[in-house]
Amino acid sequence: MKKTYTTFISLIVALGGFLLGFDSAVISGAVGGITDYFDMTDWELGFSVGCVIFGAMGGNVLAGPMSDKFGRRSVLIVTALLFTISAAWSALATGYVEFVVARIIGGIGIGGAILIAPVYIAEIAPQKLRGSLVSLNQLNIVIGISVAYFSNYFLKIIYLIKKIKILF
């Protein structure tokens, strides 16, 4: 029973890896839409795409000491909340600055998740399963990136269809 429970918890924690990969890559498919929506210059577009890394650096620096003080599970819960806030705020943002702040908040979640999730999985996993369970996190990062690019493909198709309808 303990092995099944640990595997289940590891899969849930590894979902942070999925969100990390997805959130990092999904912006590439939305650049056309957000450029038009926020009327961005090239510099603003580049900054809004890359600003998530600033948040990730901050999240990475903070996550270690915070997990030592409050525990890894608590930090993982906070990263999940940051992902949720970032996704909702990014979707509802009406201005460029709001959008960038929402992306930076997501970056803080990314920085925390990339550091703490594999450590937490390694700590709860039995010795015989440790390597395979920790690798679930990395696998989910790659799956998240892949899903983001596939969803970007469909976003691009929808964007092009809307443009074609405007022309005719």
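Keep in mind that what you see is a predicted model, and the values were worked out from it rather than measured.

What counts, and where the lines are drawn
Residues numbered from 1 in each chain as written. Predicted model: local features only at pLDDT ≥ 70, side-chain atom pairs only at ≥ 80, totals over all residues. Heavy atoms only, no water. Core = buried A, V, L, I, M, F, W, Y, C linked by side-chain atoms within 4.5 Å. Buried < 20%, exposed > 50% of the residue type's maximum accessible area, 1.4 Å probe, protein only. Helix = DSSP H or I, 4+ residues; strand = E, 2+ residues; numbered from the N terminus. Contact = heavy atoms within 4.5 Å. Patch = residues over 30% accessible without salt bridge, like charges linked within 9 Å, V, L, I, M, F, W, Y side chains within 5 Å. Areas by Shrake-Rupley, 256 points an atom, 1.4 Å probe, with all protein chains shown as cover. Salt bridge = Lys/Arg side-chain N within 4 Å of Asp/Glu carboxyl O. Expected span 1.5 Å × (residues − 1). Bend = angle between axes of the 7 residues up to and from the residue.

A.B. asks: For the nonpolar core, give the residues involved together with the corresponding values.
C.D. replies: Core analysis: the biggest nonpolar cluster contains 14 residues, and Val13, Leu76, Ile116, Tyr120, Ile121 and Leu133 have the highest contact counts within it. Looking at this core, the elements with two or more residues in it are α1 (2-38), α3 (72-92), α4 (96-124) and α5 (130-167). Take this core: its biggest share by element is four residues, from α4. Residues contacting leucine 76, with those up to four places away along its chain left out, are Val13, Ile116, Ala117 and Tyr120.

A.B. asks: Kindly report on the environment of alanine 56, identifying the contributing residues and their values.
C.D. replies: Topologically, alanine 56 is positioned in helix α2 (residues 42-70). Sequence separation between alanine 56 and leucine 136 is 80 residues, and the spatial gap between their C-alpha atoms is 21 Å. Ignoring anything within four residues of it in the chain, the contact list for alanine 56 reads Gly107, Ile108, Ile110 and Gly111.

A.B. asks: Pulling in residues and values, what's your account of the side chain of threonine 6?
C.D. replies: Its place among the elements puts threonine 6 in helix α1. If we skip the residues at most four places from it in the chain, threonine 6 touches Ile124, Ala125, Pro126 and Leu133.

A.B. asks: Explain a nonpolar patch on the surface residue by residue, including any values.
C.D. replies: Together, Phe150, Tyr153, Phe154, Ile157 and Ile161 make up a nonpolar patch on the protein surface, roughly 540 Å² of accessible area in all. By the secondary structure assignment, isoleucine 161 is in helix α5.

A.B. asks: So what about α4? Which residues, and what values?
C.D. replies: Compared with an ideal rise of 1.5 Å per residue, which puts 29 residues at 42 Å, α4 spans 41 Å between its outermost C-alpha atoms and is within 8% of the ideal. If you look at α4, its biggest bend is around 30 degrees, right at alanine 113.

A.B. asks: Give a description of unusual backbone geometry that names residues and reports values.
C.D. replies: A positive phi is found at aspartate 39, a non-glycine position, where the angle reads about 50 degrees. Mapped onto the elements, aspartate 39 comes out in the loop between α1 and α2.

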